[in-house]
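# Close look at the chain arrangement
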Amino acid sequence: MAEIRTITSPQNEAYKQTAKYTHSKEAKKDNVFLVEGVRAVEEVLKARDWPIRSIWLAESLAKDAPGYLKQLQLKAPCQVNLITDEMMKRLSDTQTPQGILTVVERKNRKVAQVLAEVRNAGKTPLFLILENLQDPGNVGTLLRTADAVDADAVIVTKGTVDIYAPKVIRAAMGSLLHIPVCVVESVRPLAEALKQTGFSVLAAALQDSVYIYDVDMTKPTAILIGNEGSGLTREAMDSATSCVKIPMPGQAESLNAAMAGGVILYEALRQREIMGVQGK
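A few points on the structure. Model, not experiment: these values are computed from the prediction. (Residues numbered from 1 in each chain as written. Predicted model: local features only at pLDDT ≥ 70, side-chain atom pairs only at ≥ 80, totals over all residues. Heavy atoms only, no water.)

The next thing to look at is the packing of aromatic side chains. The relative placement of two aromatic rings is captured by the distance of their centres and the angle of their planes. Summed over the entire model, instances satisfying the criterion amount to five aromatic pairs. Aromatic pair Phe33 and Tyr164: ring centres 4.6 Å apart, planes at 40°, arrangement tilted. On the criterion of sequence distance, the pair formed by Phe33 in strand 2 (residues 32-36) and Tyr164 in the loop between strand 7 (153-157) and helix 9 (166-172) is long-range, its members being 131 residues apart. Aromatic side chains Trp50 and Tyr164 sit 6.5 Å apart centroid to centroid with 65° between the ring planes, which places their arrangement in the edge-to-face category. Taken together, the residues span a long stretch of sequence, with Trp50 in the loop between helix 3 (38-47) and strand 3 (52-58) and Tyr164 in the loop between strand 7 and helix 9 at a distance of 114 residues. For Trp50, a relative accessible area of 5% corresponds to the buried category. We classify Tyr164 as buried; its relative accessible area is 6%. Grouping aromatic residues by their ring pairs yields a cluster made of Phe33, Trp50 and Tyr164. (Phe/Tyr/Trp six-rings, centres within 6.5 Å; stacked < 30°, edge-to-face > 60°. Helix = DSSP H or I, 4+ residues; strand = E, 2+ residues; numbered from the N terminus. Buried < 20%, exposed > 50% of the residue type's maximum accessible area, 1.4 Å probe, protein only.)

Structural data, given as structure tokens:
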């Protein structure tokens with residue numbers, strides 16, 4: 001059973017270190033991220049393969065839900081730090097904190113490693129590649145959608161918003177814990193390497209493109225989604241097998257990145273289910 005330690009001073013060294021992680025640069029430097037909220041922390045505890053460095057609990061939550069505190073003691077792999085509500089507000093990224101937060105170690109997955117795992121499992125790979133996306137809501141939603149369709153990995157370029165940012169984690173609703181995420185410098189070397197292993201690399205773009213219904217996504221496929229404002233770089237489009245677009249018979253000129261990625265991912269799922277392509 002995990003030990004409960006009460007900390008009442010914001011000058012406590014462990015607390016001060018955790019407070020630094022509210023800044024993305026500090027969290028990246030120490031290879032950690034913050035997970036906040038009752039449901040989100042429960043997902044981390046269930047996952048088990050995400051090392052937890054510390055857990056922080058507000059006094060009000062411990063007082064109002066003594067049964068939850070007991071369950072947390074049983075499940076927590078480390079000491080639980082009980083702090084004042086005011087101290088929790090300083091750690092929280094939300095205006096109304098739920099009263100619990102944990103510091104979790106990041107995973108730095110490599111594309112080659114993930115691809116080997118997928119093929120060893122007898123699956124036909126489906127990857128989602130995000131180039132320079134800046135909206136945390138879009139990235140989190142795309143992570144969640146990729147998880148929903150049973151995609152095998154989400155790969156982001158270094159120009160994309162930090163996938164471990166609190167707003168991304170909230171939008172992903174736990175999916176960051178379920179699907180491998182890899183970070184690469186840029187799209188071109190990745191796309192070239194994937195094509196050499198038999199992948200079809202599909203760039204979501206309006207120029208010189210074909211409809212998503214007219215491309216085969218039952219074979220190993222990587223879907224490229226670009227920046228919300230400028231779309232994919234020319235380099236990324238040139239490295240693709242083909243460019244694809246979504247039919248839009250109405251007057252809207254485009255869909256946002258999360259919606260476009262979702263539509264294409266679900267078309268891949270539809271094709272694979274019809275053809276009986278093996279999933280997990």
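Back to the write-up after that little detour.
Moving on to the sheet that holds strand 11 (residues 221-225). Strand order in this open sheet of seven strands is 8-7-6-11-9-12-10, and the pairing throughout is parallel. Edge positions in the sheet fall to strand 8 (181-184) and strand 10 (209-211), since each of these pairs with one other strand and no more. In this sheet, neighbouring strand axes are inclined to one another by 30° on average, regardless of whether the strands run parallel or antiparallel. Packing of helix 8 (residues 136-148) onto the sheet brings it into contact with strand 6 (126-130), strand 7 and strand 8, and relative to strand 6 it is tilted by some 175°. In this fold helix 10 (residues 187-196) packs onto strand 6, strand 7, strand 8, strand 9 (200-204) and strand 11, with an angle of close to 165° to the strand it touches most, strand 6. (Pairing = 2+ DSSP bridges. Axes fitted to C-alpha atoms, helices over the stretch in contact; angles between N-to-C directions. Contact = heavy atoms within 4.5 Å.)

As a working rule, side chains carrying opposite charge can pair if their charged atoms are close by. For the structure shown, the criterion picks out 15 salt bridges. Here Asp152 makes a salt bridge to Lys123, at a shortest N to O gap of 2.6 Å. Here Asp152 is found in the loop between helix 8 and strand 7, whereas its partner Lys123 is found in the loop between helix 7 (111-120) and strand 6, with 29 residues between them in sequence. Taking the relative accessible area as the measure of exposure, Lys123 reaches 10% and is therefore buried. In this structure, Lys158 and Glu185 form a salt bridge, with 3.0 Å as the shortest nitrogen-oxygen distance. Placement of the pair is Lys158 in the loop between strand 7 and helix 9 and Glu185 in the loop between strand 8 and helix 10, with a sequence separation of 27 residues. For the residue pair Lys158 and Glu185, the accessibility class agrees, reading exposed in each case. Residues participating in the shared-partner salt-bridge network are Lys123, Asp150 and Asp152. (Salt bridge = Lys/Arg side-chain N within 4 Å of Asp/Glu carboxyl O.)

Here the focus is the sheet that holds strand 3. Across the sheet, which stays open at both edges, the five strands sit in the order 1-4-3-5-2 with mixed pairing between neighbours. Where the open sheet ends on each side, the last strands, each with one partner, are strand 1 (4-6) and strand 2. Adjacent strand axes in the sheet meet at a mean angle of 25°, parallel and antiparallel pairs treated alike. Contacts from helix 5 (residues 66-75) reach strand 1, strand 3, strand 4 (80-83) and strand 5 (100-105), with the element oriented near 170° to strand 3.

Further remarks concern helix 3. Where helix 3 is concerned, the buried positions are Val41, Glu42, Val44 and Leu45. Axial view of helix 3: buried residues confined to an arc of 160°, hence all on one face. Of the residues in helix 3, the exposed ones pointing more than 90 degrees away from the buried face are Arg39 and Lys46. Those residues of helix 3 that are buried lie in contact with strand 2, strand 3, helix 5 and strand 5. Where helix 3 ends, the next residue or the one after it, Arg48, has phi of about 65°, a positive value. (Arc of directions from axis to C-beta.)

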